[in-house]
Amino acid sequence: MEIKAVFLDRDGTIIEDVNYLSKLEDIKLLPHAKDGLKALKECGYKLIVVSNQSGVGRGYFTKEFVEKTHKVLNSMLDNMIDAFYFCPHTPNDNCSCRKPKTGMIDEAIKHFNINKKRSYVVGDKESDIELGKNANITPLLVTSGYGSITKQNTKAKKVFDNLYEVAKWICQEDSTE
Ligand SMILES: [Mg+2]
Ligand SMILES: [Zn+2]
């Protein structure tokens, strides 16, 4: 069975980027995020969050807090997210999981047996787009979060206003294959 996936950035793509989210009450879904995820799910994509959370390494919050955040977020999203991966390290740790390095995607691909050619990476920063490039997965930019700045100079294949616009395009592409 061939599995296709959308790898999603969290902050600035699904929820508001509040710069080191450290309180559960700060989790706020972006406009059209839930509709977009629902549409992607309906056309058969696994939804996998890949998020840099260096606030852990910097001592702002714990890994357990990030895991709790993901539980709460997924319940806000009717548990549509199939998996959450996050990098807890700081840039100085030189790990292999901090985006734009591909560690998180590599792990997900092993676990779910994902077909890269039919998959996408979606995010609001150029590090998300570079992640897609590094993993050989088509990168798409959303202009929420930092995306309005990122779009001025991006290697993204396409640029969209929100996750619902992303979903419409992906599902359309998929149906013409
Ligand atoms: Mg982001
Ligand atoms: Zn890492």
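None of the values given here were measured: they were computed from a predicted structure.

### Quick notes on the overall build of the protein chain
Part 1 of the argument: For the protein chain, the count of helices and strands is six helices and six strands.
Part 2 of the argument: Across the protein chain, helices and strands are ordered from the amino to the carboxyl terminus as β-α-β-α-β-α-β-α-β-α-β-α.
Part 3 of the argument: A globule of 177 residues ought to have a C-alpha radius of gyration of about 16 Å, and the protein chain, at 15 Å, matches this closely.
Part 4 of the argument: Its C-alpha atoms give the protein chain principal-axis dimensions of about 45 × 35 × 30 Å.
Part 5 of the argument: Sequence separation of 24 or more characterises 62% of the internal contacts of the protein chain that already satisfy a separation of 6 or more.

### A closer look at the sheet that holds strand E5 (residues 138-142)
Part 1 of the argument: Read from one edge of the open sheet, six strands run E3-E2-E1-E4-E5-E6, paired in parallel fashion. Each of the sheet's edge strands pairs with one partner strand only, and the pair in question is strand E3 (83-87) and strand E6 (158-160). The average angle at which neighbouring strand axes cross in this sheet is 25°, direction not considered.
Part 2 of the argument: Across three bridges, E5 lies against E6 in parallel orientation. Bridged to Leu141 within E6 is Val159.
Part 3 of the argument: Running at roughly 150° to E3, helix H3 (residues 103-112) makes contact with strand E1 (5-8), strand E2 (46-52) and E3 of the sheet.

### Looking at the environment of Val121
Part 1 of the argument: You can see Val121 is positioned in strand E4 (residues 120-123).
Part 2 of the argument: When the 31 C-beta atoms within 10 Å are taken as the criterion, Val121 is described as buried.
Part 3 of the argument: With 54 residues separating them along the chain, Val121 and Ser175 place their C-alpha atoms 19 Å apart.
Part 4 of the argument: Those residues in contact with Val121, other than ones at most four positions away along the chain, are Phe7, Asp128, Leu131, Gly132, Ala135, Ile137 and Pro139.

### Looking at unusual backbone geometry
Part 1 of the argument: With an omega of 15°, the peptide bond running from Lys99 to Pro100 counts as cis.
Part 2 of the argument: Mapping Pro100 onto the fold places it in the loop between E3 and H3.
Part 3 of the argument: Positive phi, normally seen in glycine, also occurs at Asp78, with a value near 55°.
Part 4 of the argument: If you trace the backbone, Asp78 turns up in the loop between helix H2 (63-76) and E3.
Part 5 of the argument: A positive phi angle is found at Asn136, which is not glycine, with a value near 60°.

### Let's talk about the nonpolar core
Part 1 of the argument: Val6, Phe7, Leu8, Ile48, Ile105, Val122 and Val166 are the most contacted members of the largest nonpolar core, which has 40 residues in total.
Part 2 of the argument: Take this core: its biggest share by element is five residues, from helix H6 (residues 163-175).
Part 3 of the argument: Non-local contacts of Leu8, meaning those with residues more than four positions away in its chain, are made with Thr13, Ile14, Leu47, Ile48, Val49 and Val122.

### A look at H6
Residues separated by three or four positions in an α-helix point in the same direction, a consequence of the helix having 3.6 residues per turn.
Part 1 of the argument: With 13 residues, H6 extends 18 Å from end C-alpha to end C-alpha; this agrees with the ideal 18 Å at 1.5 Å per step.
Part 2 of the argument: Along H6, the positions that sit buried rather than exposed are Leu163, Tyr164, Val166, Ala167 and Ile170. Viewed end-on, H6 has its buried residues packed into an arc of 150°, placing them on one side of the element. Of the exposed residues in H6, the ones pointing more than 90 degrees away from its buried face are Gln172 and Ser175.

### A short note on the pairing of E2
Part 1 of the argument: The element E2 is largely enclosed, with a buried count of six among its seven residues.
Part 2 of the argument: Bridge count for E1 against E2 is four bridges, and the pairing is parallel. Pairing of Leu8 across the sheet is with Val49, part of E2.
Part 3 of the argument: Following the backbone out of E1, through helix H1 (residues 33-42) and into the adjacent parallel E2, one traces a crossover that is right-handed.
Part 4 of the argument: Of the crossover connections in this fold, the one passing from E2 over H2 to the parallel E3 is right-handed.

The rules behind the values
All residue numbers refer to position in the chain's written sequence, counted from 1. Working convention: letters from A go to chains and numbers from 1 go to ligands, in the order in which they are written. For a predicted model such as this one, the threshold for reporting local features is a pLDDT of at least 70, and the threshold for listing and counting side-chain atom pairs is 80 or more; totals across whole chains, interfaces and linings nevertheless cover every residue. For the purposes of this entry, the term helix denotes a DSSP run of H or I that reaches at least four residues, the term strand denotes a run of E that reaches at least two, and both are numbered from the N terminus. Using C-alpha atoms as the atom set, the radius of gyration is obtained and then compared with a globule rule of 2.2 Å times the number of residues to the power 0.38. By the criterion used throughout, residues are in contact when their C-beta atoms, derived from the backbone, lie within 7 Å. Being paired, for any two strands, means DSSP has found at least two bridges between them. To define axes, lines are fitted to C-alpha atoms, for helices over the stretch in contact only, and angles between the resulting N-to-C directions are given on a 0 to 180 degree scale. Here a residue counts as buried when 20 or more other C-beta atoms fall within 10 Å of its C-beta, as exposed when 12 or fewer do, and as partly exposed in between; the C-beta atoms come from the backbone. Nonpolar core, as used here: buried Ala, Val, Leu, Ile, Met, Phe, Trp, Tyr and Cys residues forming one set through C-beta atoms within 7 Å. In a helix, the anticipated span is given by 1.5 Å times the number of residues less one. The reported arc concerns the directions from the helix axis to the C-beta atoms and nothing else. Handedness of a crossover is defined as follows: orient the strands so they point away from the viewer, and if the path from the first strand over the helix to the second runs clockwise, the crossover is right-handed.

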